[in-house]
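# What the coordinates show
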Amino acid sequence: MEKNQISTMSKSQYAYEYLRSRILEGVYVPGQRIVIDQVAKELGTSTIPIREAIRNLESDGLIVYKPYSGAIVSAINETEYIEVLSVIAILDGYAASLSVGRLTSEELEQLEQLNKQMAEAVENFEFEKFSQLNRSFHTIILEKCGNAFLIDQIVQSQQRLDRIRRSIFTFVPQRARESIEEHATILKLFKENAPRDEIEKVVREHRLTTLTAFQNRKSI
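Residues numbered from 1 in each chain as written. Predicted model: local features only at pLDDT ≥ 70, side-chain atom pairs only at ≥ 80, totals over all residues. Heavy atoms only, no water.

Attention now goes to the overall build of the chain. Secondary structure assignment for the chain yields ten helices and two strands. Start at the N end of the chain and walk to the C end: the helices and strands fall as α-α-α-β-β-α-α-α-α-α-α-α. Viewed in the frame of its principal axes, the chain has a C-alpha envelope of about 60 × 45 × 30 Å. In the chain, the proportion of contacts linking residues at least 24 apart, taken out of those at least 6 apart, comes to 73%. Of the accessible surface of the chain, which amounts to about 11900 Å², a share of 49% is contributed by carbon and sulfur atoms. A distance of 5 Å separates the average location of the 28 positive side-chain charges in the chain from that of its 31 negative side-chain charges. (Helix = DSSP H or I, 4+ residues; strand = E, 2+ residues; numbered from the N terminus. Contact = heavy atoms within 4.5 Å. Areas by Shrake-Rupley, 256 points an atom, 1.4 Å probe, with all protein chains shown as cover. Lys, Arg positive; Asp, Glu negative; His and termini not counted. Charge placed at Lys NZ, Arg CZ, Asp CG, Glu CD.)

Set out below in structure tokens:
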């Protein structure tokens, strides 16, 4: 995010986006203390919007406030990751079932191209790029479900996982190749206008298989 963007949003919102992006990008690592005065100096603001941003980041679970230490970047909570992704698997499967018959030929082609790009990313060991393409693939399907509340719930849940999701396929690289094959199956079902319950089951299992691979990664 560039500093000239501060003119398009409130100072507290800018500070929030500034800090959040650095946490998600790994510039600020788990356990690192956020020095409020230093951030205020970097952004050319008072400490007030920084403190407000930190409160919002604390609500997001990205920062914890510890007595005598101040604002600390929170550690990755693997239990939360597992619990939230389990819920996303259910919601995403249902959203996919609602999207049957709604995807245009252009969108189906876009999904196919994204899957090809994901295959190229795996070959080049670009797992962060793979994750971004994977998110785009599922977002196209999600946005066609026609249920704004459902979309909002999934997006909010995904945001809670962003820090660990950025590197999930680095933890389990073999899962990336499997995911591409499963995407091809999902895409085929959409093209065939398969029964909703079949697509819901396949998408749900696709998500849960990634979760299982993550849980089993230490024994691989």
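Further notes follow.
This brings us to unusual backbone geometry. Even without a glycine there, the phi angle at Tyr 68 is positive, about 70°. Not every positive phi belongs to a glycine, and Phe 125 is a case in point at roughly 55°. The class for Phe 125 is exposed, based on a relative accessible area of 63%. (Buried < 20%, exposed > 50% of the residue type's maximum accessible area, 1.4 Å probe, protein only.)

Right, let's get into empty space enclosed by the protein. Taken as a whole and judged by the stated rule, the model has two cavities of 30 Å³ or more. Considered as a void within the structure, the second largest cavity measures approximately 40 Å³ in volume. Along its surface, the second largest cavity is lined by Asp 92, Ala 96, His 138, Ile 141, Leu 142 and Val 203. When contributions to the lining of the second largest cavity are tallied by element, the ones reaching two or more residues are helix H4 (78-98) and helix H6 (127-142). (1 Å grid on protein atoms, 1.4 Å probe; cavity = no way out; pocket = protein on both sides within 12 Å on 5 of 7 lines; lining within 4 Å. Points joined across faces, edges and corners; volume = space filled by probe spheres on them.)

Helix length check: helix H5 (residues 105-123), at 19 residues, gives a terminal C-alpha distance of 28 Å against a target of 27 Å (1.5 Å per residue), a fit within 8%. Each element contacted by the buried residues of H5 is listed here: H6 and helix H9 (173-191). Backbone geometry just downstream of H5 places Phe 125 in the positive-phi region, at approximately 55°. (Expected span 1.5 Å × (residues − 1).)

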